[in-house]
Structures are given as C-alpha cells and as structure tokens.
Amino acid sequence: MSMIMLVSADKELGKVIKTALSSTPVRLSLEFNNAKAASDALAISPISMVILDLFVPGSSGLEVLKALKRVNENCLFLLLSRMRTRTVIERAFRYGAQDVLPYPVSNEVLRDTILHRLESQPLADAEDQESKPTRKK
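Residues numbered from 1 in each chain as written. Predicted model: local features only at pLDDT ≥ 70, side-chain atom pairs only at ≥ 80, totals over all residues. Heavy atoms only, no water.

Let us look at the environment of F77. Counting through the fold element by element, F77 comes out in strand β6 (residues 76-81). A C-alpha to C-alpha distance of 6.9 Å links F77 and G96, two positions 19 residues apart in sequence. Here F77 is in contact with L42, V50, L65, L68, K69, N72, G96, A97, Q98 and D99, once residues within four sequence places are set aside. (Helix = DSSP H or I, 4+ residues; strand = E, 2+ residues; numbered from the N terminus. Contact = heavy atoms within 4.5 Å.)

Next comes the structure, spelled out in structure tokens:
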C-alpha cells in the first residue's frame, strides 16, 4: 500500500483527504504542520506521495517543495494552492510537483488525481512486479 504524507497547517485538510480516499485502499499515513518534521520523516519513511499545502508556517510552500524534493527525488509531490497565479504554478512544476490543484478541491478530483499519480508511478510498478509471484510456463 502506498504511504501518503500531508504537510499543512490546515487541520481540516487531513480530514478532506481522508474522506476523499475513504473508498480506496490508499490511506493518509503521516501528517505534519512544519517542514522540518516532514523532511525528517521523508528521509526515513517509504513515502510514495507528499501532499503539500502552499501555506506552511515559517516558510514558503514552494521552498518546502524544493527542499523535500532534494530529500527524496523519487517521491511524488501534489501541491494544493489557494493561489492560482501562473507564476506559482510554473515554479511548483519547476521545483518538482507532479500536480498543482486549487484548494478547496472536490473530493472526486483529489481522489482521482492521487490514484492516477500513484498508479502511474514507475517505482510503484517496479515494486508491485517484484512482489508478484512469477508464473512458470
């Protein structure tokens, strides 16, 4: 099962994500409200995806994205932003985000985006292949 980390000061966002994923096998595994704790966890935990709120206390969400990407460049990053300017979105992609969604976002869009990215993640596919038994012909 894929592990998802949330980095946000918005306590409601965790509930939104859990609700969006409730009918799926994917679960929100870790929640942090600061960049340092998230970075430490990302360095030692097998996280598949980080969902990052643009507004993180004490730093810019884009700077947090850039720092977390350096910690684990194989991880997927989904940025949620109340700011929808082209500059913010372009920088997010340049810093390593796979998706940028407006927040608030519908449960369906959030769920579908998370599942699509996790299903298309090359690392997840390789791990799944390793864990599946091979058939002898």
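Our next topic: unusual backbone geometry. With an omega dihedral of 10°, the bond running from Y103 to P104 counts as a cis peptide bond. When you line up the elements, P104 lands in the loop between β7 (99-102) and α5 (107-119).

Below, the discussion takes up the nonpolar core. Core analysis: the largest hydrophobic core is formed by 23 residues, its most contacted members being M5, V7, L42, V50, L52 and L68. Looking at this core, the elements that each hand over two or more residues are β1 (3-7), α2 (35-44), β3 (49-53), α3 (61-71), β6 and α4 (86-94). Residues contacting V50, with those up to four places away along its chain left out, are M5, V7, L42, L68, C75, L76, F77 and L78. Ranked by size, the runner-up nonpolar core spans 20 residues in total, among them I4, A20, M49 and I114. (Core = buried A, V, L, I, M, F, W, Y, C linked by side-chain atoms within 4.5 Å. Buried < 20%, exposed > 50% of the residue type's maximum accessible area, 1.4 Å probe, protein only.)

Before going further, it helps to examine the side chain of K69. Note on placement: K69 falls in helix α3. Salt bridges are absent for the buried K69, whose nearest opposite-charge side chain, E73, sits at 7.4 Å. Not counting residues within four places of it along the chain, the set of residues in contact with K69 comprises C75, F77, Y95, G96 and Q98. (Lys, Arg positive; Asp, Glu negative; His and termini not counted. Salt bridge = Lys/Arg side-chain N within 4 Å of Asp/Glu carboxyl O.)

Turning to the pattern of salt bridges, a few remarks are in order. By the definition in use, this model includes ten salt bridges. Between K18 and E31 there is a salt bridge, with the nearest N and O atoms lying 3.0 Å from each other. Taken together, the residues K18 in helix α1 (residues 11-20) and E31 in strand β2 (residues 27-32) connect sequence positions 13 residues apart. Taking the relative accessible area as the measure of exposure, K18 reaches 44% and is therefore partly exposed. Exposure remark for E31: the relative accessible area of 42% places this residue in the partly exposed category. Linking D112 and R111 is a salt bridge whose minimum nitrogen-to-oxygen distance equals 3.2 Å. D112 gets classed as partly exposed once you look at its relative accessible area, which sits at 42%. Salt bridges linked by common partners bring D10, D53 and R82 together as one network.

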